[in-house]
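# A structural walkthrough
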Amino acid sequence: MGLFKQLFNKEKKEKLDEGLATSKKSFFDKLSKAVVGKSKVDDSVLDELEEVLIASDVGVATTLKIIERIEERVARDKYLGTDELQRILREEIAALLQDQESQATGDNGVFIDTEKKPFVIMIVGVNGVGKTTTIGKLAAQYKAQGLKVVLGAADTFRAAAIDQLQIWADRTQTDIVKQKMGSDPASVAFDALTYAKQQNADVVLVDTAGRLHNKVNLMNELSKIKRVMDRVVTDAPHEVMLVLDGSTGQNAFEQAKQFTAATEVTALAITKLDGTAKGGVVIGISDQFNIPVRYIGVGEGIDDLQVFDKKEFVDSFFKIN
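Criteria and thresholds
Residues numbered from 1 in each chain as written. Predicted model: local features only at pLDDT ≥ 70, side-chain atom pairs only at ≥ 80, totals over all residues. Heavy atoms only, no water. Helix = DSSP H or I, 4+ residues; strand = E, 2+ residues; numbered from the N terminus. Rg over C-alpha atoms; globule rule 2.2 N^0.38 Å. Buried < 20%, exposed > 50% of the residue type's maximum accessible area, 1.4 Å probe, protein only. Areas by Shrake-Rupley, 256 points an atom, 1.4 Å probe, with all protein chains shown as cover. Pairing = 2+ DSSP bridges. Right-handed = clockwise from strand over helix to strand, strands pointing away. Phe/Tyr/Trp six-rings, centres within 6.5 Å; stacked < 30°, edge-to-face > 60°.

## So, the overall build of the chain
Per the secondary structure count, the chain includes twelve helices and eight strands. Against the compact-globule benchmark of 20 Å for 321 residues, the chain has a radius of gyration of 21 Å, which places it among compact chains. For the chain, the C-alpha atoms occupy an extent of roughly 65 × 45 × 30 Å along the three principal directions. Residues classed as buried in the chain amount to 54% of the 321 residues present. Approximately 14200 Å² of the chain is accessible, and the part contributed by carbon and sulfur atoms is 47%.

Next up, the structure:
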């Protein structure tokens, strides 16, 4: 049984619970104040609940869906007490997320098509979201599965980005392909994929510049990198993963909108959920964007980048201690 075959063993579940503790406390503190002195789930309670969900960064559109689902429950069950609200919320949010299209992992538990070799993942996201750290943790986890990994340092806009990726390459004992600062990112991507083919690598993780100052320039740069990679490996990149900082709440929504408009994003990783009260953003982003959330970050350790399991997330968020 590999690392990912035991996704939610006791240690990982405890880490997920711990990572969501601040968000959970903030949410239920607000919820408790909203229903104090009220015994029945009625229109006034639902109005309060709507405000709580929006204030918890679930997002307006997703909040309205949740409220609509609970209104249907109230109409069907006639009388629902506020003491049942936590259970109802848990059930309806879980059902809402499960309604979203999900993509299963392969036999090895990672999101990689082993028939495509090397499998190329292009990582995008603004500076500061934990992009480079996410790449390093992914490299470590893929290597734990026995996969040969190559890193491509195509964020040539910042010298620090190349240096940081080198540190992760050293730490995980992973091959890295890089050039000097200011080099053409597409050239680095070309070299990385060429090297990966020569080395018979399984996975290539390509870092890209985290700039959003001009959507047209961003689109052109990412499109160029993708065109060049496709010349080396057919249909590369096979995955475009957008990394978002969950602690920024609604800013994460905005970044997702901008990047999905600039390029075809196929997967999301939401980082920095530990210690923040904005964990509700995962629920909203998972619901609103027709893009699977692959990973969530609930701590600084390599294994704290966890595969996002909707059921386990909701169970932890609404867990009664």
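## Topic: the pairing of strand β5 (residues 239-245)
Taking burial as the measure, the seven residues of β5 include seven buried ones, the bulk of the element. Along β5, one buried face is formed by Glu239, Met241, Val243 and Asp245 and the opposite face, lined by Val240, Leu242 and Leu244, is buried too. Examined bridge by bridge, β5 and strand β6 (residues 267-271) share five bridges and lie parallel to one another. Bridge assignment links Met241 to a residue of β6, and that residue is Ala267. Between the parallel elements β5 and β6, the chain passes through helix α10 (residues 250-262) in a crossover that is right-handed.

## Considerations on the packing of aromatic side chains
Scanning all chains against the criterion turns up eight aromatic pairs. Ring centres of Phe27 and Phe28 lie 5.1 Å apart, and the angle between their planes is 90 degrees; on these two criteria the pair is classed as edge-to-face. When sorted by exposure, Phe27 lands in the same class as Phe28, which is buried. Three or more aromatic residues joined by ring pairs form one cluster here, namely Phe27, Phe28, Phe308, Phe313, Phe317 and Phe318.

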